[in-house]
Amino acid sequence: MADREAVKQALRAQKIELPSWAFGNTGTRFKVFAQPGVPRTPQEKIADAAQVHKYTGVAPSVAVHIPWDKVDDYRELAAFAADAGTAIGTVNANVFQDDDYKLGSVANPDPAVRRKALDHLLDCVDIMDATGSRDLKLWFADGTNYPGQDDIRARQDRLAEALHTVYQRLGPDQRMLLEYKLFEPSFYTTDVPDWGTSLLHCLALGPQAAVVVDTGHHAPGTNIEFIVAILLRAGRLGGFDFNSRFYADDDLMVGAADPFQLFRILYEVTAAGALGPEAGIAFMLDQCHNIEPKIPAQIRSVMNVQEATAKALLIDTEALATAQQNGDVLGANAVLMDAYNTDVRPLLAQLREDMGLEPDPIAAYHRSGYGEKITADRIGGTPASWGS
Ligand code: LRH
Ligand code: MN
């Protein structure tokens, strides 16, 4: 049986990074719905992210996205985050929202466009130097929409060249995380469509390059935990962009659409002993709260990751190993399902009290009146959203 205190210790050490863009207005191509009290500045996004950490105790950093979180002084922004009780985490580059990038950014046939994209990526490393961030996360919308539109291998050469230049610029403690995505906004080829392509580039670059698994970026039916196990075994799992989906890249709350899948993914992480901060896996959320209130949704999402993690940590690994060794198919599956079917909410409520927090973070947040306050205060200005 798993040692309850050891499980609580591991949960207490968990660190889940929040996406600044989840606090802004988001939507689909059909509509971006405006919500009251939405942040207008990177500082207000960080203040909202700090609320999630205040009530969960396990979300001590916020990932930024450039230029959505562009400021004049990133050292000052990092100091602001520290004062707010959080920290600037992963720096996300953005080479997917400029007209010049219609045919791609670093894989574009036009060398001038490639240079422009490369300069932005290098600027993001400068920002990391200022914020003290470890990770540069790269996701490229680059791809093609029609067969023949461009040369698949030539685009890989262009991509590799840009990644190499950025990799050379990294400091000794900095990492490059390369995120893959099956499709969208490109609909025929995507230049980094799957874990294999990302891994090949990371292996070619060096040990400071690793793969990001965004749980919404796979074909329906993909066994994501298998990919996670393979990348962990290769020592190249850099992190997760957690969210959930019913169909495509829906960016819904992690665990909302498929809590059992999240459990299976975290089981592979715990089984590999890779849950602790020392393993270097970045557990990040990457979500859009198109219709639901954003701060409570982020708190709920962090709780969903905690619940799946707690269930994975409660697996009786000895009984599982014995059943697996004996070829006891049903026995082995039952060990896993027993853990999955365990109600871990009392354990997590107890853990929060041990951490000096309220047992129910969402109720505590609502009792704080913070939501009403920002709705009253944040009048005027331009609410943050995809575009800005
Ligand atoms: C692309 C993606 C990527 C981000 C963006 C906000 O779909 O997952 O991680 O840069 O969403
Ligand atoms: Mn992502």
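Before reading on, note that the structure itself is shown above.
Reading the values: rules and limits
All residue numbers refer to position in the chain's written sequence, counted from 1. As a convention, the first chain written is A and the first ligand written is 1, with the rest following in written order. Local features in a predicted model are, by the rule used here, given only for residues with pLDDT of at least 70; side-chain atom pairs are given and counted only at 80 or more, and totals for whole chains, interfaces and linings are based on all residues. Heavy atoms throughout the structure, all of them, feed into the side-chain values; hydrogens and water do not. Secondary structure elements follow DSSP: runs of H or I of four or more residues count as helices, runs of E of two or more count as strands, with numbering from the N terminus. Whether a residue is buried, partly exposed or exposed follows from its accessible area with a 1.4 Å probe, protein chains only, as a fraction of its type maximum: under 20%, in between, or over 50%, in that order. The rule for pairing is simple: two strands pair if DSSP sees at least two bridges between them. We call an atom a donor if it is N, O or S and sits within 2.8 Å of the metal, or 3.2 Å for Na, K and Ca. Water is not counted, so some sites may look partial. Any coordination sphere not matching a tetrahedral pattern (four donors, all angles between 85 and 135 degrees) or a square planar or octahedral pattern (four or six donors, opposite donors over 155 degrees apart, other angles between 65 and 115) is reported as irregular. The pairing test for Phe, Tyr and Trp rings, Trp by its six-membered ring, is centres within 6.5 Å, and the orientation test on the planes gives stacked under 30 degrees, edge-to-face over 60, and tilted for anything in between. Criterion for a charge above a ring: Lys NZ or Arg CZ within 6 Å of the ring centre, and within 35 degrees of the ring normal. Throughout this description, the term salt bridge denotes a Lys or Arg side-chain nitrogen within 4 Å of a carboxyl oxygen of Asp or Glu. The near set for a molecule or strand comprises every residue that places at least one heavy atom within 4 Å of it. For this analysis, a polar contact is any N or O atom pair within 3.5 Å, provided that within protein one partner can donate a hydrogen and the other can accept it, and provided that sequence-adjacent residues contribute only side-chain to side-chain pairs. For the area figures, the Shrake-Rupley method with a 1.4 Å probe applies, and any residue is considered shielded solely by the protein chains shown. Under the convention adopted here, Pro, Cys and the residues Ala, Val, Leu, Ile, Met, Phe, Trp and Tyr are nonpolar, Asp, Glu, Lys and Arg are charged, and Gly plus all remaining residues are polar.

*Asks:* Hey, could you go over unusual backbone geometry for me, with residue numbers and the actual values?
*Replies:* Note that the residue after Ile66, namely Pro67, is joined by a cis bond; omega there is 15°. Along the chain, Pro67 falls in the loop between β2 (61-65) and α3 (74-84). The omega torsion of the bond from Glu184 to Pro185 falls at 10°, within 30 degrees of zero and hence cis. The topology assignment puts Pro185 in the loop between β6 (175-179) and β7 (189-190). Structurally, Glu184 is set in the loop between β6 and β7. Exposure remark for Glu184: the relative accessible area of 36% places this residue in the partly exposed category. Positive phi outside glycine occurs at Asp251, with the angle close to 55°. By secondary structure assignment, the location of Asp251 is in the loop between β9 (237-242) and α8 (259-271).

*Asks:* Can you lay out the pairing of strand β10 (residues 282-285) for me, pointing to particular residues and giving the numbers?
*Replies:* Where burial is concerned, the two faces of β10 agree: the one with Ala282 and Met284 and the one with Phe283 and Leu285 are both buried. Across 2 bridges, strand β1 (residues 16-19) lies against β10 in parallel orientation. Across the sheet, Glu17 pairs through a bridge with Met284, a residue of β10. As paired strands, β9 and β10 are joined by 4 bridges and run parallel to one another. Bridged to Phe242 within β10 is Leu285.

*Asks:* Describe the coordination of the manganese ion (ligand 2), listing the residues and the values that go with them.
*Replies:* Only Glu179 (OE), Asp214 (OD), Asp241 (OD) and Asp286 (OD) from the protein reach the manganese ion (ligand 2) as donors, at distances of 2.1 to 2.2 Å. Here the manganese ion (ligand 2) is ringed by 6 donor atoms whose angles at the metal span 73 to 169°, and the overall shape comes out octahedral.

*Asks:* Describe the packing of aromatic side chains, listing the residues and the values that go with them.
*Replies:* On inspection of all chains with the given rule, the structure shows 12 aromatic pairs. Ring centres of Phe263 and Tyr340 lie 5.0 Å apart, and the angle between their planes is 50°; this geometry places the pair in the tilted category. Remark: Tyr340 occurs in helix α11 (residues 329-340) and Phe263 occurs in helix α8; sequence separation between them is 77 residues. The exposure class assigned to Tyr340 is buried, which follows from its relative accessible area of 16%. Lys116 extends its terminal NZ or CZ atom over the ring of Tyr101, reaching a point 5.7 Å from the ring centre. The ring centre of Tyr340 lies 4.6 Å from the NZ or CZ of Lys311, which sits over that ring.

*Asks:* Quick one: what's the story with the environment of Asp123, residue by residue and with numbers?
*Replies:* Relative to the helices and strands, Asp123 resides in helix α4 (residues 111-131). With 236 residues separating them along the chain, Asp123 and Pro359 place their C-alpha atoms 42 Å apart.

*Asks:* Talk me through the pattern of salt bridges; I want residue IDs and the actual numbers.
*Replies:* All told, the structure shown has 25 salt bridges when counted by the stated rule. Residue Asp48 pairs with Arg378 through a salt bridge whose shortest N-O separation is 2.8 Å. On the criterion of sequence distance, the pair formed by Asp48 in helix α2 (residues 42-56) and Arg378 in the segment after α14 (370-377) is long-range, its members being 330 residues apart. Just as Asp48 is buried, Arg378 falls in that class too. Note that Asp249 and Lys181 form a salt bridge whose closest N and O atoms lie 2.9 Å from each other. With Asp249 in the loop between β9 and α8 and Lys181 in the loop between β6 and β7, this residue pair connects regions lying 68 residues apart in the sequence. Of the two residues examined, Asp249 and Lys181, each falls in the buried class. Connected through salt bridges with shared partners, the residues Arg40, Glu44, Asp48 and Arg378 form a single ionic network.

*Asks:* Which residues make up the site of ligand 1, and what values do they have?
*Replies:* What surrounds ligand 1 is the set Trp21, His65, Lys137, Trp139, Glu179, Lys181, Asp214, His217, Asp241, Asp249 and Asp286. Within the side chain of Lys181, an N or O atom sits 3.0 Å from an oxygen atom of ligand 1. Here His217 contributes a side-chain N or O atom positioned 3.2 Å from an oxygen atom of ligand 1. Coverage of ligand 1 by the protein amounts to 96% of the 300 Å² it exposes when considered alone. Residue composition of the shell around ligand 1, grouped by class: 2 nonpolar, 2 polar and 7 charged.

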